[in-house]
Protein chains: 2
Amino acid sequence: MELNVAIEKFKNTMKQLRAYNHATSLLYYDSVTGAPAGCQKGVGDTMQFFSEVAYKLTVNEEAFLVLDTLMEHLNELDPILKREVEEANKSVRDMRKIPMDEYLEADRAFNDAQFAWHKAKVSNDYASFEPHLAKLVDITKRFSGYTDPDKDMYNAQLDKYEKGLDKATLDTYFGLLKEKLIPLIKRIGEAEQIDDSFLYRSYPIEKQREFSDYLMQVMGIDRTHCAISETEHPFTLNFSKYDVRITTHYHENMLASSMYSVIHEGGHALYELNTGDDLYGTLLANGASMGMHECQSRFYENIIGRSREFIELIFPKMQEIFSEQLSDVTSEQMYRAVNKCQPSLIRTEADELTYSLHILIRYEIEKMLFDGSVTTKELPDLWNRLYREYLGVDVPNDTNGVLQDSHWSGGSFGYFPSYSIGSAYAAQIMHHMKKTINILEVIKDGEIHLITQYLAERIYKYGKLLTPNELIMKCCGEPFDPRYYIDYLTDKFTALYGL
Amino acid sequence: MELNVAIEKFKNTMKQLRAYNHATSLLYYDSVTGAPAGCQKGVGDTMQFFSEVAYKLTVNEEAFLVLDTLMEHLNELDPILKREVEEANKSVRDMRKIPMDEYLEADRAFNDAQFAWHKAKVSNDYASFEPHLAKLVDITKRFSGYTDPDKDMYNAQLDKYEKGLDKATLDTYFGLLKEKLIPLIKRIGEAEQIDDSFLYRSYPIEKQREFSDYLMQVMGIDRTHCAISETEHPFTLNFSKYDVRITTHYHENMLASSMYSVIHEGGHALYELNTGDDLYGTLLANGASMGMHECQSRFYENIIGRSREFIELIFPKMQEIFSEQLSDVTSEQMYRAVNKCQPSLIRTEADELTYSLHILIRYEIEKMLFDGSVTTKELPDLWNRLYREYLGVDVPNDTNGVLQDSHWSGGSFGYFPSYSIGSAYAAQIMHHMKKTINILEVIKDGEIHLITQYLAERIYKYGKLLTPNELIMKCCGEPFDPRYYIDYLTDKFTALYGL
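Calculation criteria
- Residues numbered from 1 in each chain as written.
- Chains lettered and ligands numbered in written order.
- Predicted model: local features only at pLDDT ≥ 70, side-chain atom pairs only at ≥ 80, totals over all residues.
- Heavy atoms only, no water.
- Helix = DSSP H or I, 4+ residues; strand = E, 2+ residues; numbered from the N terminus.
- Rg over C-alpha atoms; globule rule 2.2 N^0.38 Å.
- Contact = heavy atoms within 4.5 Å.
- Buried < 20%, exposed > 50% of the residue type's maximum accessible area, 1.4 Å probe, protein only.
- Pairing = 2+ DSSP bridges.
- Axes fitted to C-alpha atoms, helices over the stretch in contact; angles between N-to-C directions.
- Polar contact = N/O pair within 3.5 Å; in protein donor to acceptor, adjacent residues only side chain to side chain.
- Patch = residues over 30% accessible without salt bridge, like charges linked within 9 Å, V, L, I, M, F, W, Y side chains within 5 Å.
- Areas by Shrake-Rupley, 256 points an atom, 1.4 Å probe, with all protein chains shown as cover.
- Salt bridge = Lys/Arg side-chain N within 4 Å of Asp/Glu carboxyl O.
- Lys, Arg positive; Asp, Glu negative; His and termini not counted.
- Charge placed at Lys NZ, Arg CZ, Asp CG, Glu CD.
- Buried area = accessible area lost by both parts, 1.4 Å probe.
- Phe/Tyr/Trp six-rings, centres within 6.5 Å; stacked < 30°, edge-to-face > 60°.
- Expected span 1.5 Å × (residues − 1).
- Bend = angle between axes of the 7 residues up to and from the residue.
- Domains from an automatic or database assignment.
- Nonpolar A, V, L, I, M, F, W, Y, C, P; charged D, E, K, R; others polar.

### Some words on the overall build of chain A
Moving on, step 1. The helix and strand tally for chain A stands at 20 helices and three strands.
Moving on, step 2. Over its C-alpha atoms chain A spans a radius of gyration of 23 Å, differing by no more than 12% from the 23 Å that the globule rule assigns to 499 residues.
Moving on, step 3. For chain A, the C-alpha atoms occupy an extent of roughly 70 × 50 × 45 Å along the three principal directions.
Moving on, step 4. Contacts in chain A between residues far apart in sequence, at least 24 positions, make up 73% of those at least 6 positions apart.

### Topic: the pairing of strand β3 (residues 243-248) of chain B
For a regular strand, side-chain orientation follows a simple rule: the groups alternate between the two sheet faces.
All names here are of chain B.
Moving on, step 1. Among the six residues in β3, six count as buried, and that is most of the element.
Moving on, step 2. Here strand β1 (residues 226-230) runs beside β3; their pairing, made up of five bridges, is parallel. Bridging from a neighbouring strand, A227 pairs with R245 of β3.
Moving on, step 3. Across four bridges, the pairing between strand β2 (residues 236-240) and β3 is antiparallel. Following the sheet pairing, L237 is matched in β3 by R245.
Moving on, step 4. In this structure, the hairpin formed by β2 and β3 is closed by a connection of two residues.

### Points about the sheet that holds strand β2 (residues 236-240) of chain A
Residue and element names in this part refer to chain A.
Moving on, step 1. Pairing is mixed across the open sheet formed by three strands, whose spatial order is β1-β3-β2. Of all strands in the sheet, those bounded by a partner on one side alone are β1 (226-230) and β2. In this sheet, adjacent strand axes meet at a mean angle of 20 degrees when their direction is disregarded.
Moving on, step 2. In the packing of helix α1 (residues 3-32) onto the sheet, contacts are made with β1, β2 and β3 (243-248), and the angle to β2 comes to roughly 145 degrees.
Moving on, step 3. Sitting on the sheet, helix α9 (residues 205-218) is in contact with β1 and β3, with an inclination near 150 degrees to β1.

### Examining the side chain of R362(B)
All names here are of chain B.
Moving on, step 1. Tracing the backbone shows R362 in helix α15 (residues 355-371).
Moving on, step 2. With relative accessibility at 0%, the residue R362 sits in the buried group.
Moving on, step 3. Separated by 2.7 Å, the side chains of R362 and D405 make a polar contact.
Moving on, step 4. Not counting the four nearest positions on each side in its chain, R362 is found in contact with R347, W383, Y387, Q404, D405, W408 and F416.

### Notes on a positive patch on the surface
Moving on, step 1. A cluster of basic residues, K90(A), R93(A), R96(A), K97(A) and K163(A), forms a positive patch on the protein surface.
Moving on, step 2. Within the secondary structure, K97(A) sits in the loop between α4 (79-95) and α5 (100-123).

### Brief notes about the interface of chain A and chain B
Moving on, step 1. With 34 residues of chain A in contact, the opposing surface of chain B contributes 35 residues.
Moving on, step 2. Where chain A abuts chain B, roughly 2700 Å² becomes buried across the two surfaces, and 65% of that area is made up of carbon and sulfur atoms.
Moving on, step 3. One can count two salt bridges joining chain A with chain B.
Moving on, step 4. Here R245(A) and D30(B) are joined by a salt bridge, their closest N and O atoms 2.6 Å apart.

### A word on the packing of aromatic side chains
All names here are of chain A.
Moving on, step 1. Throughout the structure, instances matching the rule amount to 60 aromatic pairs over all chains.
Moving on, step 2. Their ring planes at 80 degrees and their centres at 6.5 Å tell us that Y126 and F129 sit as a pair that is edge-to-face. Here Y126 pairs with F129, and both are found in helix α6 (residues 126-147), just three residues apart, close to one helical turn. An identical accessibility class is assigned to Y126 and F129; each is buried.
Moving on, step 3. Their ring planes at 55 degrees and their centres at 5.3 Å tell us that Y161 and Y415 sit as a pair that is tilted. Residue Y161 is located in helix α7 (residues 153-161), and its partner Y415 is located in the loop between α15 (379-391) and α16 (416-433); the two are separated by 254 residues in the primary sequence.

### Thoughts on helix α8 (residues 167-190) of chain A
Residue and element names in this part refer to chain A.
Moving on, step 1. Its 24 residues give α8 an end-to-end C-alpha distance of 33 Å, which sits within 8% of 34 Å, the value for a rise of 1.5 Å per residue.
Moving on, step 2. Where α8 bends most, the angle comes to about 30 degrees, and this point is L181, followed within four residues by the proline P183.
Moving on, step 3. Along α8, the residues that are buried comprise K167, L170, Y173, F174, L177, L181, L184, I185 and I188.
Moving on, step 4. The elements touched by buried residues of α8 are α7, α14 (355-371), α16 and α20 (483-496).

### Quick word on the domain arrangement of chain A
All names here are of chain A.
Moving on, step 1. By domain assignment, chain A separates into domain 1 (3-151) and domain 2 (167-356 + 412-496).
Moving on, step 2. Counting from both sides, the interface comprises 22 residues of domain 1 and, opposite them, 19 residues of domain 2.
Moving on, step 3. Counting each side, the surface lost to burial between domain 1 and domain 2 is near 1800 Å², with a carbon and sulfur contribution of 73%.
Moving on, step 4. Of all residues in domain 1, Y29, I80 and R83 bury the most surface against domain 2, accounting for 34% of the area lost on that side.
Moving on, step 5. A salt bridge links E232 to K121; its shortest N-O distance comes to 3.3 Å.
Moving on, step 6. Connecting domain 1 to domain 2 are six residue pairs in polar contact (both at pLDDT 80 or more).
Moving on, step 7. At the level of secondary structure, the elements contributing two or more residues to the side of domain 1 that touches domain 2 comprise α1, α4, α5 and α6.
Moving on, step 8. Counting residues per element, the side of domain 1 that touches domain 2 draws most heavily on α1, which supplies eight residues.
Moving on, step 9. Taken together, the residues of the side of domain 1 that touches domain 2 sort by class into twelve nonpolar, five polar and five charged.

Right under this line is the structure:
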């Protein structure tokens, strides 16, 4: 095949896939936001059909010939097209190894499992979700056998979300966190406790919605291209850099819950909103990896959003919106409250310091699910035992235990560790950013867009053009090093608790 | 082509079209509900692509051969497939006469015009919308030349929304309304006026949302399969009978506005929710015609929703929700207020009696646009002149004048008359329903589902399987007759105003 013919065919296929992805993502988004609960039948039919079309578009002899031709001439392509071809080739290389009927069956299973999880969580009914989960694990293992027959099945999953990440790295990483953070958390447990009771007063949801709008404004999020809505589990979705959606979940008696969901998802949104214009419409117009995405969300949530300066900046507005609830609270009390360290049940509500222990538990469970040393039926017991052992908390029911996260219902095994790695990236980037920007000063002045600009120049604009490691090198001039994360947490929480 | 091959191919194509329609409808729905304003670029690209795919699926030699084969064997097909083939053949017969590049250009123009209208209405800027409207009129005329070269261009439009309807029928119909209703409205204008000032107190939107939920419950709308959201102009959309959406628009100082939008759109929703299970997934799983759809929405809005018995039924709940605003109001005062006759500016806010004059104005303008006796540039002046002449009101700006409705921005010319015909159908059906059901008693007892059952059995379950005329015959045992509508309005308003 002629190179120019291959290029044209490739671009045409990408355009078509973009449309199908747009529709499929919107069908999902709508099904968890505006749709009536009974929409499942129609949504499932349409998604399955589109999935079939997308599969046929990418897995056929001509498409393979197009990719083979482009791969042979990689160095003649412009840098964006080159990386896009590499990405497409990688995904198709996996896809063509999966028989079509199994691929379609899997798609339907993922769709069904998501609905089943939504229902099971509401009714605290793990048993109704368990067969779906078992099926997803089976499918994932089977597919791993097709795509990476020589690789450890769980390592294959980890690599999907964070290129190069494996069990060996994570065993070392979590080992270091355990060694340094468990003793710190223990000392904090023996220190005088922070009063955060005012966070659990009654905060009307209408007021919280107003507060979300304000937070997005402070973060400099362009509402022309970013909407917010409400779902069970907060997430960010981008149809393109011109159309990004974040979601949150309001709890009337937990002010900090939606507040930090909005800032967290807002960080994801800023990444997508600031990918380069030159990448629009290509496979590269997305964050570089799950870890790099979590790096951004946690940078805004924790490094910015839980700093004393940020709370000082927004506190007058908080007191204005929640005048009744916060009249007897000071900015310093608010700062201390949103940083309170307390082992707890729910990952998304966890404090910055104990957060990684929640991830550790999921990591260990996933490892066991994939090496076969535990079955999905045994998950609630294992989950509850590990929460007791590592966090010292008793899990009262599965809704607040093994059913709390949506990830597994979407077949995302090996995703959780990227949350923790992302926080570690963020601390390292912050360390080096400080040479150029007086971060705390900038936050105090409400100039958060300067931080966003810094990150956009070094990370966001590249989309998937560079790998996570290349981006860390670009930002920090050195490879990834978890030491900064440990230091950052130790310094912050030692000072906070006067240890 | 073998008949069984043709049947299989036809069903396969229908399945694919259903998926594309689902996605395209959802993209539109989302763009006017949850999407950020800047989504246009991506939405336009994806919709155009799907439109192209759908065109190619239905307009090609094999598809024509399939339809020709099925049309030859019509009487061998089961009744549902037979009607579906007739419908498909009708739409493709038109479609294949339109050159593909023009069809695609039109699709883009419709999409652009809708966005332009949204903007123009907000900023009272008809001039920015006018070129879009002119283009849509041109396209519609041009397409009419392709599809119905021997037919009057406006008659061709009317026929699209209500089979068999034409200018001759409507000239007679509106002539009768003018003759009987204008004098009645004049006598009412000279009678003692109804006080409806309490409808314009401040009704918090959060409370109005609660009221909408209550109204949908009273109407017996199954929320598992019907959601409500908010848009500039209320509408109903069905992805299938399992997933129907209605929208409303809340005005803080106009209680009746959203209240009757919800009941009106709720009527449309009940029609779609009750199409037969045997029609699911076919082209017939929709209302029979625009007029028959409006018949349902106006049956619920006016015949039920504006009856004294309905107001008596819901008034205790109204006083509970709006305790501050309605403490000094009686049920009888509310009944009189929501039926107040007063010539006004906005069609969707018009009272039951003057409503048809709003339609008459649009009908006359559309006739002139299509016979070339007026240009889109002259529309605001013409609009304002007719409102003065027929309704005696001065139009202060285009936002409340020629820009008020979304229909023309979607290329729906010839749609408006079906609203009026629908009201006339409703009055005729009510007359005959009374032989079986004591309508007012049923409403008073909150048993509206009995009315819905009656309509479902005789109209809803048939979808597009029967024509409007066949449905009127089934319900009434006689053909359409506008006399019932005139009688109903005359009796109701004569009594209300003590004439």
